[in-house]
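A structural walkthrough
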Amino acid sequence: MRIGMIGLGRMGANMVRRLTQGGHECVVYDAAAAAVRALSGERIRGATTVAELVGALEPPRAVWIMVPAAIVDTVIGELRPLLSAGDVLIDGGNSNYRDDIRRAAQLEERGIRYLDVGTSGGVLGIEQGYCLMIGGEAAAVALLEPALATLAPGGRMPAAATAAVAGAPRGAAQQAGGAASQAAAALGYLHCGPSGAGHFVKMIHNGIEYGLMAAYAEGLNLLAHADAGRSVAAADAETAPLSDPRFYQYQLDVAAIAEVWRHGSIIASRLLDLTAAALARDPALAGFAGHVADSGEGRWTVEAAIDVGVPAPVLSAALYSRFESRGRGEFASKLLSAMRLGFGGHVERTP
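Notes on the structure in this doc start here. (Residues numbered from 1 in each chain as written. Predicted model: local features only at pLDDT ≥ 70, side-chain atom pairs only at ≥ 80, totals over all residues. Heavy atoms only, no water.)

**Looking at the side chain of asparagine 14**
Structurally, the position occupied by asparagine 14 is in helix H1 (residues 10-21). For asparagine 14, a relative accessible area of 13% corresponds to the buried category. With sequence-adjacent residues up to four places away left out, asparagine 14 is seen in contact with Val123, Ile126 and Tyr130. (Helix = DSSP H or I, 4+ residues; strand = E, 2+ residues; numbered from the N terminus. Buried < 20%, exposed > 50% of the residue type's maximum accessible area, 1.4 Å probe, protein only. Contact = heavy atoms within 4.5 Å.)

Shown next as structure tokens:
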């Protein structure tokens, strides 16, 4: 099938490459003309404007947006008057699912279908495929299913769905039935539910990601300080003594430990693979300042947990640790020092 792609950053460009490798045709646009030129090749047509991109697609058109959440509404505003009833607009970025519900309702007024597709896989997705979590109307999902299946790790549709789509006219409400099935999930894509469901599932996915990353970081940090007993600590009222330094004499190769955990360990994962690779390149991680960003999904996850009254202490703590990493807790720490000085005369020590 032919699909339009707007936004050719790290993920958008690689998704185009994976689609064309799978036999699909892509019309591409990015505000940076150089990004469009870099993708020119077989089955890829560059466009200099959004209007040109839409004009190069046959109805019912499929236009995929891969842009930051903050500018999705701007892009949709540009696309909306150019699209027709029956066309499908896909947001594959990390939008808030509440925005998806609003956008789907607004576009429905013009007969335009809207899919929210949570996309996980990062820069490795071009080779390993993307995990796709989809929200929206079933008929629109069925229309896009051949492309969704190509992007996913399995690279194909379930057998029953393939048979249903074969020979069906393009634009028909193909009842492939595969995208909401366990068979599709096993191939790496899933129609999760109505509008917003895809990004809701991706939001929780990213919240879990925060927690997993924090667990690895905290555990490996503890290993890095397993030699605390080899240092002579100050003996004064301001320093908690190490109860028995004999138990903390280990000078461990943290990079090697991360590597050995990758093989046969119950905590092996892609995140651990990336961690081990980073430590192998730079055991001291000297190239990082430790200022950890958050792009919104972790916050929205915690907000949802509060809304529905579900405890999520691990996910919440992981989010707050990112705030701490950016110095957002510095004033609170100064207040703690001020109070300690006030009630006990404790003079703050500097590292």
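**Thoughts on empty space enclosed by the protein**
One pass over the structure, following the stated rule, counts one cavity of 30 Å³ or more. By volume, the largest cavity amounts to about 30 Å³. At the level of elements, helix H5 (97-108) and helix H13 (297-308) are the ones that each hand at least two residues to the lining of the largest cavity. It is H13 that provides the largest number of residues to the lining of the largest cavity, a total of three residues. (1 Å grid on protein atoms, 1.4 Å probe; cavity = no way out; pocket = protein on both sides within 12 Å on 5 of 7 lines; lining within 4 Å. Points joined across faces, edges and corners; volume = space filled by probe spheres on them.)

**Some words on the environment of glutamine 182**
Looking at where glutamine 182 falls in the secondary structure, it is placed in helix H9 (residues 182-187). In the structure, glutamine 182 is positioned 38 residues away from leucine 144 in sequence and 18 Å away in space, judged by C-alpha atoms.

**Comments concerning the packing of H13 against helix H14 (residues 313-325)**
Here H13 crosses H14 at 140 degrees, and the two axes come no closer than 10 Å. Between H13 and H14, the interaxial angle falls into the category oblique. Of the two elements, H13 crosses H14, and the hand of that crossing is left-handed. Note on element contacts: H14 touches H13 through Leu315, Ser316, Leu319 and Phe323, opposite Gly298, Arg299, Thr301 and Val302. (Axes fitted to C-alpha atoms, helices over the stretch in contact; angles between N-to-C directions. Parallel < 35°, antiparallel > 145°, perpendicular 65-115°, else oblique. Left-handed = near helix turned anticlockwise from the far one by under 90°.)

**A word on the sheet that holds strand S6 (residues 113-120)**
Spatial ordering of the open sheet is given by S3-S2-S1-S4-S5-S6-S7-S8, a layout of eight strands whose pairing is mixed. With one partner strand each, in any of the chains shown, strand S3 (44-46) and strand S8 (189-193) form the two edges of the open sheet. Within the sheet, the average angular offset between the axes of one strand and its neighbour, ignoring direction, is 25 degrees. Bridge analysis of strand S2 (residues 25-29) against S3 gives three bridges, and the strand direction is parallel. Note that in S3 the partner of cysteine 26 across the bridge is isoleucine 44. (Pairing = 2+ DSSP bridges.)

**Some points on the environment of isoleucine 208**
Looking at the secondary structure, you find isoleucine 208 in helix H10 (residues 197-224). Exposure remark for isoleucine 208: the relative accessible area of 43% places this residue in the partly exposed category. A C-alpha to C-alpha distance of 24 Å links isoleucine 208 and glycine 12, two positions 196 residues apart in sequence.

**Considerations on the packing of aromatic side chains**
A full pass over the atoms with the stated rule returns two aromatic pairs. Ring centres 6.0 Å apart and planes at 50 degrees place the aromatic pair tyrosine 320 and phenylalanine 323 in the tilted group. Of this pair, tyrosine 320 and phenylalanine 323 both sit in helix H14, three residues apart, roughly one helical turn. Against the face of tyrosine 210 rests arginine 322, its NZ or CZ located 3.6 Å from the ring centre. (Phe/Tyr/Trp six-rings, centres within 6.5 Å; stacked < 30°, edge-to-face > 60°. Lys NZ or Arg CZ within 6 Å of the ring centre and 35° of its normal.)

**Here's the deal with the nonpolar core**
Met5, Leu8, Trp64, Leu144 and Tyr189 are the most contacted members of the largest nonpolar core, which totals 38 residues. With eight residues, the top contributor of residues to this core is helix H7 (residues 138-151). Setting aside residues no more than four positions away along its own chain, leucine 144 makes contact with Met1, Ile3, Ala62, Val88, Ile90 and Leu115. Core analysis: the next-biggest nonpolar cluster, separate from the first, contains 22 residues, Leu57, Val75, Leu83 and Leu107 among them. (Core = buried A, V, L, I, M, F, W, Y, C linked by side-chain atoms within 4.5 Å.)

**Examining the pairing of S6**
Most of S6 is tucked away: eight of the eight residues are buried. The pairing of strand S5 (residues 88-91) with S6 spans four bridges and is parallel. The residue of S6 that forms the bridge with leucine 89 is tyrosine 114. What joins S5 to S6 is H5, and the crossover it makes is right-handed. (Right-handed = clockwise from strand over helix to strand, strands pointing away.)

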